[in-house]
Amino acid sequence: MRIRVSDIQEDGLMVDHVTAVGSFSDPAWRLDAVSLRVLREHVDVLVSGEVLATVPQLCGRCLEPFPADVRAAVDVRLIPRPATADNVELAPDDLDVDFYQNDELDLGALVEAETTLALPMKPLCRDDCRGLCPVCGGNRNVVACACSERAPDPRLTVLKDLATRLSH
Ligand SMILES: [Zn+2]
Ligand SMILES: [Zn+2]
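Residues numbered from 1 in each chain as written. Chains lettered and ligands numbered in written order. Predicted model: local features only at pLDDT ≥ 70, side-chain atom pairs only at ≥ 80, totals over all residues.

Peer 1: For the overall build of the protein chain, give the residues involved together with the corresponding values.
Peer 2: Each helix and strand counted, the protein chain has 3 helices and 7 strands in total. When burial is assessed residue by residue, the protein chain has 14% of its 168 residues classed as buried. Partitioning the intrachain contacts of the protein chain with sequence separation of at least 6 by distance along the chain shows that 53% fall at a separation of at least 24. (Helix = DSSP H or I, 4+ residues; strand = E, 2+ residues; numbered from the N terminus. Buried ≥ 20, exposed ≤ 12 C-beta atoms within 10 Å, placed from the backbone. Contact = placed C-beta atoms within 7 Å.)

Structure below.
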């Protein structure tokens, strides 16, 4: 979706249809929901809201591919791309500043960039993923291999002995 910046009205623009934004460049990525407000402030454009997407990831523990739910909180200020780079002064509190050019804002590219930024640093197929066995390399979510059983903790054995003796 391309938005002509000079067309953005005083009260801004709401984008809440996935189809309006378009699809990701990677067809395996899926845009599930968008809720974005596009406002114009003189020549700056402010885009804020939320993007929900499903992106294939590899689990960091078991190395299996899985669809990750990605939620991106969007809060971006876009400024016209300057002719020369050295006269750009970014305010320190404006960390999310991007450029647009030729009076045109590519919302699809923005949504894709924000989704990419929101990808998990350490993707996990599920919170309690058991990962791979360090001994045999088997996926512990699938098979409970024998080597995954650790030798009993000697301190626990002492306690168990004590419990047995006390119960007699
Ligand atoms: Zn996993
Ligand atoms: Zn094993």
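Still more to cover.
Peer 1: Lay out the environment of Val143 with the relevant residues and their values.
Peer 2: By secondary structure assignment, the location of Val143 is in the loop between α2 (107-117) and α3 (154-166). The spacing of Val143 and Cys133 is 10 residues in sequence and 9.7 Å in space, taken between C-alpha atoms.

Peer 1: Report on the sheet that holds strand β6 (residues 97-100), specifying residues and quantitative values.
Peer 2: The 5 strands lie next to each other as β2-β3-β4-β5-β6, forming an open sheet whose pairing is mixed. Looking at which strands have only one partner, the edges of the open sheet turn out to be β2 (13-15) and β6. For this sheet, the mean angle separating the axes of adjacent strands, direction not counted, is 30°. Two strands pair when backbone bridges link them, and strand β5 (residues 65-80) and β6 are joined in this way by 4 bridges, in the parallel orientation. If you follow Leu78 over to β6, its bridge partner there is Asp98. (Pairing = 2+ DSSP bridges. Axes fitted to C-alpha atoms, helices over the stretch in contact; angles between N-to-C directions.)

Peer 1: Can you tell me about the nonpolar core, naming the residues and giving the values?
Peer 2: Counting 18 residues, the largest nonpolar core has Val45, Val47, Leu105 and Val111 as its most contacted members. Of all elements in the fold, only β3 (30-41), β4 (44-58), β5 and α2 reach the threshold of two or more residues within this core. Not counting chain neighbours up to four residues away, the residues in contact with Val45 comprise Val5, Ile8, Val38, Arg40, Leu78, Tyr100 and Leu105. (Core = buried A, V, L, I, M, F, W, Y, C linked by C-beta atoms within 7 Å.)

Peer 1: Report on the pairing of β4, specifying residues and quantitative values.
Peer 2: With 11 bridges connecting them, β3 and β4 associate as antiparallel partners. Paired with Arg40 across the bridge in β4 is Val45. Joining the antiparallel neighbours β3 and β4 is a turn of 2 residues, in which His42 adopts a positive phi near 55°. Pairing of β4 with β5, which is carried by 14 bridges, proceeds in the antiparallel orientation. In the sheet register, Leu46 faces β5, and the bridge partner there is Arg77.

Peer 1: Let's hear about the pairing of β3: which residues, and what values?
Peer 2: Sheet analysis places β2 next to β3, joined by 3 bridges and oriented antiparallel. Bridging from a neighbouring strand, Val15 pairs with Leu36 of β3.

Peer 1: Tell me about the confidence of the model for the protein chain, and please be specific about residues and values.
Peer 2: Across the protein chain, pLDDT averages 88, with 85% of residues at or above 70. By mean pLDDT, α3 is the weakest element of the protein chain at 69, and β4 is the strongest at 97. (pLDDT = per-residue confidence, 0-100.)

Peer 1: How would you sum up the environment of Val55? Please name residues and give values.
Peer 2: Here Val55 lies in strand β4. Through-space distance from the C-alpha of Val55 to that of Arg30 is 6.4 Å; in sequence the pair is 25 residues apart. In this structure, Val55 is in contact with Trp29, Ala68, Val70, Thr115 and Leu119, ignoring residues within four places of it in sequence.

Peer 1: Lay out unusual backbone geometry in plain terms, naming residues and giving numbers.
Peer 2: Even without being a glycine, Asn102 presents a positive backbone phi close to 55°. The backbone phi angle of Asp103 is positive, close to 60°, even though this residue is not glycine. With respect to the helices and strands, the residue Asp103 is situated in the loop between β6 and β7 (104-106). Residue class for Asp103 comes out exposed when judged on the 12 C-beta atoms lying within 10 Å of it.

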